[in-house]
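# Chain and residue survey
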Amino acid sequence: MNLTRILGILLIAAGTLGLIYGGFSYTKETHSTKLGPIVLQVQEKETVYVPLLLSAGAIALGALLLLGFKGR
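Described below are features of the structure shown in this document.

Rules used throughout
Residues numbered from 1 in each chain as written. Predicted model: local features only at pLDDT ≥ 70, side-chain atom pairs only at ≥ 80, totals over all residues. Heavy atoms only, no water. Helix = DSSP H or I, 4+ residues; strand = E, 2+ residues; numbered from the N terminus. Contact = heavy atoms within 4.5 Å. Expected span 1.5 Å × (residues − 1). Buried < 20%, exposed > 50% of the residue type's maximum accessible area, 1.4 Å probe, protein only. Arc of directions from axis to C-beta.

## Focus on the side chain of Ser 55
- Along the polypeptide, Ser 55 turns up in helix α2 (residues 52-68).
- Apart from the residues within four sequence positions on either side, Ser 55 is in contact with Gly 15, Gly 18, Leu 19 and Val 50.

## Examining helix α1 (residues 3-21)
- A rise of 1.5 Å per residue sets the reference length of α1, with its 19 residues, at 27 Å; its end C-alpha atoms lie 27 Å apart and thus fit the reference within 8%.
- When we look at burial in α1, the residues that qualify are Gly 8, Gly 15 and Gly 18. The arc enclosing the buried residues of α1, seen along the axis, measures out at 95°, which places them on a common side. For α1, the exposed residues lying more than 90 degrees away from the buried face are Leu 3, Leu 10, Ile 20 and Tyr 21.
- At its buried positions, α1 is contacted by α2.
- Trailing α1 by a residue or two, Gly 22 shows a phi angle of about 75°, which is positive.

Here it is as structure tokens:
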């Protein structure tokens, strides 16, 4: 398998995941303090949304990479 096919497959997989889930979230630690034996932490949940057009574009580009270089 050459690099172009692998990149095409990865783009199709990432685009499909973007269409299915629509984004992802992660936890970010913003503040932490220690008061003697007690540790206080503040964590914020951040969400990143993946645009629909970006996901569809990744699938289309991946398909072009796979189909365009099929004869080589």
